Amino acid sequence: MARIAGVDLPNNKRGEIGLTYIFGIGRSSARRILDTCGIDYDPKCGEWNDDQIAAIRSEIASEYKIEGELRSTIQMNIKRLMDIGCYRGIRHRIGLPVRGQSTKNNARTRKGKKKTVANKKKATK
């Protein structure tokens, strides 16, 4: 089992798919990494030899921000937006969609479970 950046890559997946298990590496980044290392996309991660794994490790370490470092950078960026009080920061703070989505009907992922509001009672005469 190949272990890169603290992540165990699955042995039964193709190389370009297996690399996407690392946070911060998608399909296009995985292809670029394999191209620069001179490795084919098709062999499974379990079929890589030690030299190939070392080449991939060094390429990722030198060129990409991944896993914990990337997560902390993202959190710092969000905190900066909240601190300066810009529109996006305020939306982050109150838990609403940040990128202009409508909130009248949907947006349940950001708003959370529905909170029912009771009807106003009519006054009796």
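Up top is the structure.
No experiment lies behind these values; they were computed from the predicted model shown. (Residues numbered from 1 in each chain as written. Predicted model: local features only at pLDDT ≥ 70, side-chain atom pairs only at ≥ 80, totals over all residues. Heavy atoms only, no water.)

A. Here's a closer look at the packing of aromatic side chains. One pass over the full model with this rule turns up 0 aromatic pairs. Across the ring face of Phe 23, the terminal group of Arg 71 is positioned such that the distance to the ring centre comes to 4.0 Å. (Phe/Tyr/Trp six-rings, centres within 6.5 Å; stacked < 30°, edge-to-face > 60°. Lys NZ or Arg CZ within 6 Å of the ring centre and 35° of its normal.)

B. Fine view of the packing of helix α4 (residues 67–84) against helix α5 (residues 87–94). In contact at an axis separation of 7 Å, α4 and α5 are set at 105° when each is read in the N-to-C sense. Comparing the axis directions of α4 and α5 gives the class roughly perpendicular. For the pair formed by α4 and α5, the contact residues are Ile 78, Leu 81 and Met 82 on the first element and Arg 88, Gly 89, His 92 and Arg 93 on the second. Across the contact of α4 with α5, the residue classes tally to 3 nonpolar, 2 polar and 2 charged. (Axes fitted to C-alpha atoms, helices over the stretch in contact; angles between N-to-C directions. Helix = DSSP H or I, 4+ residues; strand = E, 2+ residues; numbered from the N terminus. Parallel < 35°, antiparallel > 145°, perpendicular 65-115°, else oblique. Contact = heavy atoms within 4.5 Å. Nonpolar A, V, L, I, M, F, W, Y, C, P; charged D, E, K, R; others polar.)

C. Fine view of helix α3 (residues 50–63). For α3, built from 14 residues, the straight-helix expectation of 20 Å at 1.5 Å per residue is met to within 8% by its first-to-last C-alpha distance of 20 Å. Within the sequence span of α3, burial applies to Ile 53, Ile 56, Glu 59 and Ile 60. The buried residues of α3 occupy an angular sector of 130° when the element is viewed end-on, so they sit on one face. Among the exposed residues of α3, those oriented more than 90 degrees off its buried face are Asp 50, Asp 51, Ala 61 and Ser 62. On the buried face of α3, the contacting elements are β1 (3–4) and α2 (27–37). The N-cap residue of α3 is Asn 49: its side-chain oxygen and the backbone nitrogen of Asp 51 are 3.2 Å apart. (Expected span 1.5 Å × (residues − 1). Buried < 20%, exposed > 50% of the residue type's maximum accessible area, 1.4 Å probe, protein only. Arc of directions from axis to C-beta. Polar contact = N/O pair within 3.5 Å; in protein donor to acceptor, adjacent residues only side chain to side chain.)

D. Molecular detail of a positive patch on the surface. On the surface, Arg 108, Lys 113, Lys 114 and Lys 115 cluster together into a positively charged patch. Tracing the sequence through the fold places Arg 108 in helix α6 (residues 108–111). Residue classification places Arg 108 among the partly exposed residues on the basis of a relative accessible area of 35%. (Patch = residues over 30% accessible without salt bridge, like charges linked within 9 Å, V, L, I, M, F, W, Y side chains within 5 Å. Areas by Shrake-Rupley, 256 points an atom, 1.4 Å probe, with all protein chains shown as cover. Salt bridge = Lys/Arg side-chain N within 4 Å of Asp/Glu carboxyl O. Lys, Arg positive; Asp, Glu negative; His and termini not counted. Charge placed at Lys NZ, Arg CZ, Asp CG, Glu CD.)

E. Representation of the packing of α2 against α3 within the structure. Contact geometry for α2 and α3: axes closest at 10 Å, N-to-C directions at 120°. Relative to α3, the element α2 lies oblique. The two elements α2 and α3 cross, and the hand of that crossing is right-handed. Residue-level inspection shows Ile 33, Leu 34, Thr 36 and Cys 37 of α2 in contact with α3, the latter providing Ala 55, Ile 56, Glu 59 and Ile 60. (Left-handed = near helix turned anticlockwise from the far one by under 90°.)

On their own, these measurements won't tell you what the molecule is for.
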